[in-house]
Amino acid sequence: MNRIEEILNSTDGMQRAEANPYLYTRIKANMANSPSATSWELVARFLTRPAVAIITVFMFLAVNVSVIVKEREDKAMAVQQFLQQSSSTESDFAIQVQSNFSADLSSE
Amino acid sequence: MSDDRTNILEKDKPYTLEEIVAEYKDMVYNTALSILQHVEAAEDVAQDVFIKLYEKLDEFREDSSLKTYIYRITANTAIDALRKEKRRKKVYWWSGDAEDKEETAHFDHPGILLDKKEDARHLFEAIKSLPEQQKLAYVLQKIEGQTVAEIAMIMNNKPTAVESLLARAKNNLKKTLTDIIEK
């Protein structure tokens, strides 16, 4: 255990590492060489942020899901309407046949 | 900010970027070096820190000192560099490319006393395995000599949370060092 404490304390009395004496010159050179970002680059930077990308993907998926759900509902509604219409037409036809039949019987 | 974009103002005290670099470059470099354990990467981070500081000075609020603000940028930039390096290594691993030679190299901090070099090498190896936040808190306290309150300001965290991070870091270091010694 003492050995571990020794290792943990091995940075005691350490000196600070010295940075490159030409750091400022390098920074100035970097700043001079790096072109300022164009508006398109700024837009690209914004769009490629993880948060923006994730939100965009989720919105895209949500729109797709809502369109599919809406389409299914519309189809179901159309089928129901068709069934209702066809059943009413069938019953009208049956009534008409029945009345024609009874009219025929009475005339005979 | 002046026209040549090198004057940085802290309230009514005018500092040039050159003066700020001269004042804080060792602090920035030393912090980055302890986190990254790589000389060239730490130099790159030091450059990035001062460029970011220069570009983001409008965001600097007077409720923290310039030193704290610089520490914060250094910590974030160094952590970003660590993540990039991790991603690069993952790509290497997936692509089955040649193994990374730097991985096996031991890190020797240039400021360590000669008789403690071997121990410090083990310590830095153990620090490398710590999770990011624990690593940052430990380096700021142990290497940079910052207080818990200062670390909390730098990390935008509560002092109690920093104390917890430091306690967990120490426990993890002890476990890793035990393994290293037993080897």
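One can find the structure itself at the top, above this paragraph.
Computed from a predicted model, the values in this text were never measured in an experiment.

1. Concerning the overall build of chain A
Logical step 1: When you go through chain A residue by residue, the secondary structure sums to four helices and zero strands.
Logical step 2: Mapped in sequence order, the helices and strands of chain A form the string α-α-α-α.

2. Some details on the overall build of chain B
Logical step 1: Counting its regular elements, chain B contains eight helices and two strands.
Logical step 2: Ordered by position in the sequence, the α and β elements of chain B form the string β-β-α-α-α-α-α-α-α-α.
Logical step 3: Of all 183 residues assigned to chain B, the portion counted as buried reaches 34%.
Logical step 4: Taking the intrachain contacts of chain B between residues at least 6 apart in sequence as the baseline, contacts between residues at least 24 apart amount to 58%.

3. Here's the deal with the interface of chain B and chain A
Logical step 1: Contacts between chain B and chain A engage 29 residues on the former and 21 residues on the latter.
Logical step 2: Secondary structure elements with two or more residues in the side of chain B that touches chain A: α1 (17–36), α2 (39–55), α5 (117–128), α6 (132–143) and α8 (159–182) of chain B.
Logical step 3: Counting residues per element, the side of chain B that touches chain A draws most heavily on α1(B), at seven residues.

4. Let's talk about the environment of B:Pro131
Logical step 1: Position of B:Pro131 among the secondary structure elements: in the loop between α5 and α6.
Logical step 2: Along the sequence, B:Pro131 and B:Leu165 sit 34 residues apart, while their C-alpha atoms lie 9.8 Å from each other.

5. Points about unusual backbone geometry
Residues other than glycine predominantly adopt negative phi, and peptide bonds predominantly adopt the trans conformation.
Residues and elements named next belong to chain B.
Logical step 1: Even without glycine at this site, Gln 37 takes up a positive phi of about 55°.
Logical step 2: Its identity as a non-glycine residue notwithstanding, Asn 156 has a phi of 55°, on the positive side.
Logical step 3: Looking at the secondary structure, you find Asn 156 in the loop between α7 (148–154) and α8.

6. Describing α6(B)
Residues and elements named next belong to chain B.
Logical step 1: Over its twelve residues, α6 runs 16 Å from end to end, which matches the ideal 16 Å to within 8%, given 1.5 Å per residue.
Logical step 2: Counting buried positions along α6 gives nine out of twelve residues, so the element sits mostly inside the fold.
Logical step 3: By the burial criterion, the buried members of α6 are Gln 134, Lys 135, Leu 136, Ala 137, Tyr 138, Val 139, Leu 140, Lys 142 and Ile 143.
Logical step 4: Positive phi shows up at Gly 145, right after α6, with a value of about 70°.

7. Quick word on the nonpolar core
Looking at soluble globular proteins, one finds that nonpolar side chains tend to be buried together.
Logical step 1: With 49 residues, the main nonpolar core has B:Ala32, B:Leu36, B:Ala46, B:Val49, B:Ile70 and B:Ala137 as its most contacted residues.
Logical step 2: Counting residues per element, this core draws most heavily on α1(B), at ten residues.

8. What about the packing of α6(B) against α8(B)?
All names here are of chain B.
Logical step 1: Two elements in contact, α6 and α8, have axes separated by 8 Å at closest approach and are oriented at 95°. The angle between the axes of α6 and α8 places the two elements in the roughly perpendicular class. Where α6 abuts α8, its residues Gln 133, Gln 134, Ala 137, Tyr 138 and Gln 141 lie against Val 162, Leu 165, Leu 166, Arg 168, Ala 169 and Asn 172.

9. A word on the packing of α1(B) against α2(B)
Residues and elements named next belong to chain B.
Logical step 1: It is at 8 Å that the axes of α1 and α2 come closest, and there the two elements cross at 135°. Considering the angle they form, α1 stands oblique to α2. Taken as a pair, α1 and α2 cross one another with a handedness that is right-handed. Here Leu 17, Val 21, Lys 25, Val 28, Tyr 29, Ala 32, Leu 33 and Leu 36 of α1 lie close against α2, whose contacting residues are Val 39, Ala 41, Ala 42, Val 45, Ala 46, Val 49, Phe 50 and Tyr 54.
Logical step 2: The residue inventory of the contact of α1 with α2, partitioned by class, reads 15 nonpolar, no polar and one charged.

10. Some details on helix α4 (residues 50–107) of chain A
Logical step 1: The end-to-end C-alpha distance of α4(A), which contains 58 residues, comes to 85 Å, matching closely the 86 Å that a straight helix rising 1.5 Å per residue would cover.
Logical step 2: The buried fraction of α4(A) is low, at zero of 58 residues.

About the thresholds
- Residues numbered from 1 in each chain as written.
- Chains lettered and ligands numbered in written order.
- Predicted model: local features only at pLDDT ≥ 70, side-chain atom pairs only at ≥ 80, totals over all residues.
- Helix = DSSP H or I, 4+ residues; strand = E, 2+ residues; numbered from the N terminus.
- Buried ≥ 20, exposed ≤ 12 C-beta atoms within 10 Å, placed from the backbone.
- Contact = placed C-beta atoms within 7 Å.
- Expected span 1.5 Å × (residues − 1).
- Core = buried A, V, L, I, M, F, W, Y, C linked by C-beta atoms within 7 Å.
- Axes fitted to C-alpha atoms, helices over the stretch in contact; angles between N-to-C directions.
- Parallel < 35°, antiparallel > 145°, perpendicular 65-115°, else oblique.
- Left-handed = near helix turned anticlockwise from the far one by under 90°.
- Nonpolar A, V, L, I, M, F, W, Y, C, P; charged D, E, K, R; others polar.

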